[in-house]
Amino acid sequence: MKIYKHYNDKFQNVLYCGDCKKFFKEIPDESVDLIITSPPYCMGKAYEDPADDIETFKKQHMEIFPDIYRILKPGGSVCWQVGYHISESCIIPLDFIVYDIFTNLSKDKIFPLILRNRIIWTFGHGLNSVKRFSGRHETILWFTKGDQKIFNLDAVRIPQKYPGKKSYRGPHKGEFSGNPLGKNPSDVWDIPNVKANHIEKTNHPCQYPIALPQRLIRALSDAQAVVLDPFMGSGTTGAAAVIEKRRFLGAELNEQYYNIAFERVSMAMEGTLKIREDKPAIKPNLNSAVAQLPNEFKMAREGK
Ligand SMILES: C[S@@+](CC[C@H](N)C(=O)[O-])C[C@H]1O[C@@H](n2cnc3c(N)ncnc32)[C@H](O)[C@@H]1O
């Protein structure tokens, strides 16, 4: 497998160092299955212009939307991971803005963008505020282009807290009430964020954990799908895509971050990248009989 620096239709993975708006021009219409990204929040980060404000955020999104829409296949998905813009003590949920722009700009098209989930990503660490409740979540908006979609729920099921629970009434009385393969992970995802001692930490100031795009990739695309991250930062989406045997397209403006992304995607291709496994924190009462995994469930998970 090779990493190309420019689009090539024989590509496996393409990492572009430059403005995503230029990269989009190289990507053919309706050629991407899944877009996952976290754009700049215009909050004075090292990679942002200090003059950028909420109007800059809106303008950037209006500018890139036509290409995002054009290159996405009908039935493809877009996952936009954002938090809050804070200005003069006022917090602005960026997903409200993204939702308005994406739905308004696509509403008259044959395949409008349809919001399927607003996923709350919650994490344990962050700045401690004394003026309001400390922020411990961001969101991911999952849209599909039109009515069709891919949703591989079995690929992302998580263990039940009490897998041995049985139905106590109705036609299935006495049978296990849960799915043998695990439960739906819901739209609230508790995944540790990447802080200093996280195994995946790089020099990028705003990395998300690999587990986040990995879950989206497993659920919302099939093997060999083309996954794009136009603001790839340290290449987290790319590493997840490679691990999940998808093809990856990514752009990053800043050369230092681009080099980190290149190295991480290369390591993912070689199988040497260290990742924190997506292990949901469940703390059942182990003395309880219903906390034990039934043999039937064990066999189903082992594919027997
Ligand atoms: C929030 S960070 C993404 C972090 C990424 N999810 C990760 O896990 O590392 C946004 C990134 O977009 C990059 N960026 C900003 N404007 C860009 C543009 N026009 N084209 C490509 N990349 C851009 C920034 O340099 C920054 O690294």
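For the structure itself, consult the block above.
**Considering the site of the ligand**
(1) Moving on: Surrounding the ligand, one finds 21 residues, the nearest of these being Cys20, His204, Ser234, Thr236 and Glu252.
(2) Moving on: Within the side chain of Asp19, one N or O atom sits 3.0 Å away from a nitrogen atom of the ligand.
(3) Moving on: Within the contact set of the ligand, an oxygen atom lies 3.0 Å away from a backbone nitrogen or oxygen of Tyr208.
(4) Moving on: Summarising the interface, the protein chains cover 96% of the accessible area of the ligand, which totals 610 Å² for the free molecule.
(5) Moving on: Along the lines of polarity and charge, the residues of the shell around the ligand split into 11 nonpolar, eight polar and two charged.

**Points about the pairing of strand S5 (residues 84–87)**
If a strand is regular, its side chains alternate between the two faces of the sheet.
(1) Moving on: Two elements, S5 and strand S6 (residues 90–93), share four bridges in a ladder whose sense is antiparallel. Within the sheet, the bridge partner assigned to Ile86 lies in S6 and is Ile91.
(2) Moving on: Where S5 folds back on S6, the antiparallel hairpin that results is connected by two residues, among which Glu88 adopts a positive phi of roughly 50 degrees.

**Regarding the packing of helix H2 (residues 54–71) against helix H3 (residues 94–106)**
(1) Moving on: As a packed pair, H2 and H3 sit with axes 10 Å apart at the nearest point and diverge in direction by 40 degrees. It follows from the interaxial angle that H2 and H3 lie oblique. In the packing of H2 onto H3, the handedness of the crossing is right-handed. Between H2, through Ile54, Phe57, Lys58, His61, Met62, Phe65 and Tyr69, and H3, the contact on the second element is made entirely by Leu94, Ile97, Val98, Ile101, Phe102, Leu105 and Ser106.

**Focus: unusual backbone geometry**
(1) Moving on: Located in the positive-phi region is Cys42, a residue other than glycine, with phi close to 60 degrees.
(2) Moving on: Along the chain, Cys42 turns up in the loop between strand S3 (32–37) and H2.
(3) Moving on: Backbone geometry at Lys245 places phi at a positive 60 degrees, although glycine is not the residue there.
(4) Moving on: Counting through the fold element by element, Lys245 comes out in the loop between helix H5 (236–243) and strand S11 (247–252).

**Some thoughts on the side chain of Ser106**
(1) Moving on: For Ser106, the location among the structural elements is in helix H3.
(2) Moving on: Among the residues examined, Ser106 registers a relative accessible area of 0% and is labelled buried.
(3) Moving on: Of the polar contacts made by the side chain of Ser106, one reaches the backbone nitrogen of Leu113; its length is 2.9 Å.
(4) Moving on: Dropping the residues within four chain positions of it, Ser106 is found in contact with Phe65, Tyr69, Pro112 and Leu113.

**Regarding helix H4 (residues 211–220)**
(1) Moving on: Counting buried positions over the 10 residues of H4 gives nine, a clear majority of the element.
(2) Moving on: Residues of H4 that are buried include every one of Ala211, Leu212, Pro213, Gln214, Arg215, Leu216, Ile217, Ala219 and Leu220, and no others.

**Some remarks on a nonpolar patch on the surface**
(1) Moving on: Taken together, Met43, Ile86 and Ile91 make up a surface patch of nonpolar side chains, about 220 Å² in accessible area.
(2) Moving on: Within the secondary structure, Met43 sits in the loop between S3 and H2.
(3) Moving on: Overall, Met43 belongs to the partly exposed group, its relative accessible area being 33%.

**Things to note about the environment of Gly135**
(1) Moving on: Counting through the fold element by element, Gly135 comes out in the loop between strand S7 (113–122) and strand S8 (137–145).
(2) Moving on: In this structure Gly135 comes out as partly exposed when scored by relative accessible area, which is 49%.
(3) Moving on: Along the primary structure Gly135 and Gly124 are separated by 11 residues, whereas in three dimensions their C-alpha atoms are 9.6 Å apart.

**A few points about the pattern of salt bridges**
(1) Moving on: Enumeration according to the criterion identifies 12 salt bridges in this entry.
(2) Moving on: Measuring nitrogen to oxygen at the nearest pair gives 2.7 Å for the salt bridge that ties Asp154 to Arg157.
(3) Moving on: Under the relative-accessibility criterion, Asp154 is labelled partly exposed at 49%.
(4) Moving on: Between Arg215 and Asp278 there is a salt bridge whose closest N-O contact spans 2.9 Å. Highlighted residues: Arg215 in helix H4 and Asp278 in the loop between helix H6 (255–270) and helix H7 (295–301), separated in sequence by 63 residues.
(5) Moving on: Through salt bridges with shared partners, one network takes in Asp19, Lys21, Lys59 and Glu63.

Conventions adopted
- Along each chain, the written sequence defines residue order, and numbers are assigned to residues from 1.
- Thresholds applied to this predicted model are a pLDDT of at least 70 for local features of residues and 80 or more for the giving and counting of side-chain atom pairs; totals over whole chains, interfaces and linings are not thresholded and use all residues.
- To obtain the side-chain values, all non-hydrogen atoms of the structure were included, while hydrogens and water were left out.
- Note on terminology: near, applied to a residue and a molecule or strand, indicates that one of the residue's heavy atoms is within 4 Å of it.
- Here a polar contact is recorded for every N or O atom pair within 3.5 Å, except that within protein the pair must consist of a potential hydrogen donor and a potential acceptor, and residues adjacent in sequence are included only if both atoms are side-chain atoms.
- For every accessible area listed, the method is Shrake-Rupley and the probe measures 1.4 Å; residues are considered covered only by the protein chains on display.
- Any residue that is not Ala, Val, Leu, Ile, Met, Phe, Trp, Tyr, Cys, Pro, Asp, Glu, Lys or Arg is counted as polar, Gly included; the first ten are nonpolar and the last four charged.
- For two strands to pair, DSSP has to find at least two bridges joining them.
- The helix count covers DSSP runs of H or I at least four residues long, the strand count covers runs of E at least two residues long, and both are numbered beginning at the N terminus.
- To obtain an axis, a line is fitted to C-alpha atoms, over the contacting stretch when the element is a helix, and the angle between two such axes runs from 0 to 180 degrees between their N-to-C directions.
- These descriptions rest on fixed angle ranges, namely under 35 degrees for roughly parallel, over 145 for roughly antiparallel, 65 to 115 for roughly perpendicular, and the rest for oblique.
- By convention, the crossing between two helices is left-handed when the near helix turns anticlockwise from the far helix through less than a right angle, and right-handed when the turn is clockwise.
- Contact definition: two residues touch when any of their heavy atoms are within 4.5 Å.
- Three exposure classes are used, based on accessible area relative to the maximum for each residue type with a 1.4 Å probe and protein chains only: buried under 20%, partly exposed in between, and exposed over 50%.
- Put simply, a patch holds well-exposed residues, over 30% relative accessible area, that have no salt bridge, with like charges counted together within 9 Å and Val, Leu, Ile, Met, Phe, Trp or Tyr side chains within 5 Å.
- The salt bridge criterion pairs a side-chain nitrogen of Lys or Arg with a carboxyl oxygen of Asp or Glu, the two atoms within 4 Å.

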